[in-house]
Amino acid sequence: MNNRVKMIDGVLNVPNNPVIPFVEGDGIGADIWAAAQSVFDAAVNKAYNGEKKVEWLEVLAGGKAFDKCGEWLPQGTEDAFKDYLIGIKGPLMTPVGGGIRSLNVTLRQNLDLFVCLRPITYYNGIETPVKEPEKVDIVVFRENTEDVYAGFELSSEDPKIEKVKSFFKEEMGWDIKGETGLGLKPMSKESTVRLVREAVKYAIKNDRKVVTLVHKGNIMKYTEGAFRNWGYEMALNEFPDQVTKDPKDKSKILINDCIADAFLQNILLKPEAYDVVATLNLNGDYCSDALAAQVGGIGISPGANINYHSGVAIFEATHGTAPDIAGKDMANPSSVILSGKMMFEYMGWLEAAELIEKGVSTTIKSKRVTGDLASMMSGDVKTVGTKEFASLIIKNM
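This report concerns the structure included in the present document. (Residues numbered from 1 in each chain as written. Predicted model: local features only at pLDDT ≥ 70, side-chain atom pairs only at ≥ 80, totals over all residues. Heavy atoms only, no water.)

Right, let's talk about unusual backbone geometry for a bit. For Asp9, which is not glycine, the phi dihedral falls at a positive 55°. Position of Asp9 among the secondary structure elements: in the loop between strand 1 (6-8) and strand 2 (11-13). On the basis of relative accessible area, Asp9 is assigned to the exposed category, the value being 78%. (Helix = DSSP H or I, 4+ residues; strand = E, 2+ residues; numbered from the N terminus. Buried < 20%, exposed > 50% of the residue type's maximum accessible area, 1.4 Å probe, protein only.)

Printed below as a string of structure tokens:
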């Protein structure tokens, strides 16, 4: 099929009418997806005068999938993302009481989407808990497949737990006492290197000045400490003409590192010191959400899960399903809309991405916004519904 996105010799090849699978999402998913799709189609049409058009293909996951076919994540959905390479999704509920631990994590691991990409920036007009949110302009590269998210855990009630504890005591001298659960925290050199490499390449491509490795290597020396060491090694060996550890050398990108707890303090005190961040899975979860709070919350925070080798990428709303407001035309679609902006950037459709950015920033600045954003504004503010907010974004492109 000539309307499939393909990876050819390491380069993404995007036709003028690509098929892009989408997952509507649970809860508010139907509300925000309808709004987002209208924005995407308008941006593409305006940017390319009808010469380009996305052919949307709905695939199922989450509650809608379970209701229709009895599975939370049908194999056909994974296959579609593999076949068409690029996809986008709304928020998904996680089944309670067993089964898949997280549909999002499952997709990331099964498709080996090793980068969770979270750009965090401020939109003028939002009044946030910090004094100078405009100083936040940080892109987080979160390792997406290992760390404690790997799922290697045993319950305290698992019959194998005593065997594992005995092994650790006899072979390692580790005396794990009492009733306890156990988990493994794998961090491989392979996963570290490929993540940090993409962070450095992003910094080079986008004229960023600093790449910071965020870790807790002072305590977890052989996992997070190894992440730090492997990251430095790769960056300095593979990019010697572009990367340096010397802060005095302004001709190159500076690579440095920061302990995770210090980083969480510093982003409040001096966020301008950070530019591109590469970090482990759990740290990345904490850090990206903390940064999002500084600029207005995850309701306006986009995200992507990408394998830069295979080309497979899923762009997603980063917030939850908010079932209490589902179907009420109240939800803020900004997260999935801005994730779509990232998707178009990844595709090379930069003109469409720029129109979306202009539409969102102008609309937020005008203070005609959904209720969650209106609650963080003062002055001449008007609360609008999901559909009207999307219409205003289109108008302001």
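Now that the structure has been shown, we can carry on.
Where helix 11 (residues 350-365) meets helix 13 (residues 386-395), the axes come as close as 7 Å, and the angle between the chain directions of the two elements is 115°. Relative to helix 13, helix 11 is oriented so that their crossing is right-handed. In this structure, helix 11 contributes Gly359, Val360, Thr363 and Ile364 to the contact, and helix 13 contributes Phe389, Leu392 and Ile393. Of the residues assigned to the contact of helix 11 with helix 13, the class counts are 5 nonpolar, 2 polar and no charged. (Axes fitted to C-alpha atoms, helices over the stretch in contact; angles between N-to-C directions. Left-handed = near helix turned anticlockwise from the far one by under 90°. Contact = heavy atoms within 4.5 Å. Nonpolar A, V, L, I, M, F, W, Y, C, P; charged D, E, K, R; others polar.)

For the rest of this paragraph, the subject is the pairing of strand 3 (residues 19-23). Strand 3 sits mainly inside the fold: 5 of its 5 residues count as buried. With burial as the criterion, each face of strand 3 is covered, one bearing Val19, Pro21 and Val23 and the other bearing Ile20 and Phe22. In this sheet, strand 4 (residues 55-58) lies alongside strand 3 in parallel orientation, the contact comprising 4 bridges. Within the sheet, the bridge partner assigned to Val19 lies in strand 4 and is Glu55. What joins strand 3 to strand 4 is helix 1 (residues 29-48), and the crossover it makes is right-handed. (Pairing = 2+ DSSP bridges. Right-handed = clockwise from strand over helix to strand, strands pointing away.)

One pass over the structure, following the stated rule, counts 24 salt bridges. Between Arg142 and Asp285 there is a salt bridge whose closest N-O contact spans 3.8 Å. A residue pair is termed long-range when its members are at least 10 positions apart, and Arg142 in strand 7 (residues 137-143) and Asp285 in helix 9 (residues 281-295) qualify at 143 residues. Through salt bridges with shared partners, a single ionic network connects Glu24, Glu58 and Lys64. (Salt bridge = Lys/Arg side-chain N within 4 Å of Asp/Glu carboxyl O.)

This part is about helix 13. At 3.6 residues per turn, the α-helix brings residues three or four places apart onto the same side. When helix 13 is considered as a whole, its buried residues turn out to be Thr386, Phe389, Ala390, Leu392 and Ile393. Seen from one end, helix 13 has its buried residues packed into an arc of 160°, which puts them on one side. Residues of helix 13 that are exposed and point more than 90 degrees away from the buried face comprise Lys387 and Lys395. Buried positions along helix 13 lie against helix 1, helix 10 (334-347), helix 11, strand 16 (368-369) and helix 12 (371-374). (Arc of directions from axis to C-beta.)

Across its 16 residues, helix 11 extends 22 Å between first and last C-alpha, which sits within 8% of the 22 Å expected from 1.5 Å per residue. When helix 11 is considered as a whole, its buried residues turn out to be Ala352, Ala353, Leu355, Ile356, Gly359, Val360, Thr363 and Ile364. Taken end-on, helix 11 shows its buried residues confined to a sector of 160°, consistent with a single buried face. Among the exposed residues of helix 11, those oriented more than 90 degrees off its buried face are Glu354 and Lys365. Buried residues belonging to helix 11 abut helix 1, helix 10, strand 16, helix 12 and helix 13. Note on helix 11: the residue one or two positions beyond its end, Lys367, has a positive phi of about 65°. (Expected span 1.5 Å × (residues − 1).)

Applying the stated criterion to the full structure yields 16 aromatic pairs. Their ring planes at 85° and their centres at 5.3 Å tell us that Trp33 and Trp56 sit as a pair that is edge-to-face. One end of the pair, Trp33, is in helix 1; the other, Trp56, is in strand 4, and 23 residues separate them in sequence. Every member of this aromatic cluster is reached through a ring pair, and the members are Phe22, Trp33, Phe40, Tyr48, Trp56, Phe344 and Trp349. Lying over the aromatic face of Tyr48, Lys52 brings its terminal NZ or CZ to 4.5 Å of the ring centre. Between the NZ or CZ atom of Lys245 and the centre of the ring of Tyr232, over which it lies, the distance is 4.5 Å. (Phe/Tyr/Trp six-rings, centres within 6.5 Å; stacked < 30°, edge-to-face > 60°. Lys NZ or Arg CZ within 6 Å of the ring centre and 35° of its normal.)

For the rest of this paragraph, the subject is the packing of helix 6 (residues 189-205) against helix 7 (residues 224-238). Orientation of helix 6 relative to helix 7, taken along the N-to-C sense of each, is 50°, at an axis distance of 9 Å. Viewed along their axes, helix 6 and helix 7 adopt a mutual orientation that is oblique. Read as a crossing pair, helix 6 and helix 7 show a hand that is right-handed. Residues Lys189, Thr192, Val193, Leu195, Val196, Arg197 and Val200 of helix 6 form the contact with helix 7, whose participating residues are Phe227, Trp230, Gly231, Glu233, Met234, Ala235 and Glu238. Grouping the constituent residues of the contact of helix 6 with helix 7 by class yields 8 nonpolar, 2 polar and 4 charged. (Parallel < 35°, antiparallel > 145°, perpendicular 65-115°, else oblique.)

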